[in-house]
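Residues per chain are reported as follows:
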Amino acid sequence: MNKSVSIITDLDGSKIALINDIRFKSRKGIDWNEVEQYLKEYIGEYFEISETSEKIYIGSDFPDEFSHSNDTKGLKGANMKAKANITSAIGELIQIASEKAQYPDYKNKHGAKAQFGWYRYNTRFGIPVYDEDGNLERYNIFSTRMLVRCDADGKLYLYDLVRTKKETSKPHEQ
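All of the points below concern the structure found in this document. Quick caveat, the model's predicted, so the values are computed rather than measured. (Residues numbered from 1 in each chain as written. Predicted model: local features only at pLDDT ≥ 70, side-chain atom pairs only at ≥ 80, totals over all residues. Heavy atoms only, no water.)

This brings us to helix α1 (residues 32–39). Listing the buried residues of α1 in full gives Trp 32, Val 35, Glu 36, Tyr 38 and Leu 39. Looking straight down α1, one finds that the buried residues subtend no more than 160° of arc, so they occupy a single side. In the core, the buried residues of α1 are packed alongside α2 (62–68), α3 (70–73), α4 (77–85) and α5 (90–95). For α1, the N-terminal capping position is held by Asp 31, with its side-chain oxygen 3.1 Å away from the main-chain nitrogen of Asn 33. (Buried < 20%, exposed > 50% of the residue type's maximum accessible area, 1.4 Å probe, protein only. Helix = DSSP H or I, 4+ residues; strand = E, 2+ residues; numbered from the N terminus. Arc of directions from axis to C-beta. Contact = heavy atoms within 4.5 Å. Polar contact = N/O pair within 3.5 Å; in protein donor to acceptor, adjacent residues only side chain to side chain.)

Turning to unusual backbone geometry, a few remarks are in order. Apart from glycine, the bulk of residues carry a negative phi angle, and the bulk of peptide bonds sit in the trans form. The backbone of Ser 53 sits at a positive phi, close to 60°, despite the residue not being glycine. Residue placement: Ser 53 occurs in the loop between β3 (46–48) and β4 (55–58). The backbone of Arg 163 shows a phi angle near 55°, a positive value even though the residue is not glycine. Tracing the chain through its elements places Arg 163 in strand β8 (residues 156–166).

Quick look at the pairing of β8 now. Within β8, 8 of the 11 residues are buried, which leaves it mostly tucked inside the rest of the structure. Direction of pairing for β4 relative to β8: parallel, over a ladder of 3 bridges. Each residue of the ladder has a partner; that of Ile 56, found in β8, is Leu 156. (Pairing = 2+ DSSP bridges.)

Right under this line is the structure:
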């Protein structure tokens, strides 16, 4: 796992992956092609969900879907920056995923990719906020849903991380 990511437990007992290295810092927008190229480094790897012991593989379709999905195109501001920066914590986000739920392929949107079913899991992460002197002030906490497809080979593949949203509860103080 990544040294620039820490896993903590909040007061409710839920796990949060704290991302300490912000890779995509632009205020004007995110170069999603650069994000896609970075994610290609994960292809062929797998990570295990602690709660269920399921192995989640990273397939060749993940980088493109993550970077160019309708979900990604609809993000703005802090949520867009957060989604881009979760790329350094893919393993930890999978590890702490919880609340597994089976989902149908709505409106046959994914066709052959979805013929063996979909699962969704919830996962959370924190992005650091720094003051004007560069000192860590706090972490903004976000939630996201992990979309996982079941494949003909019986393996589970990470397909996208969707609905990335900043939580409105009090941010985590460092």
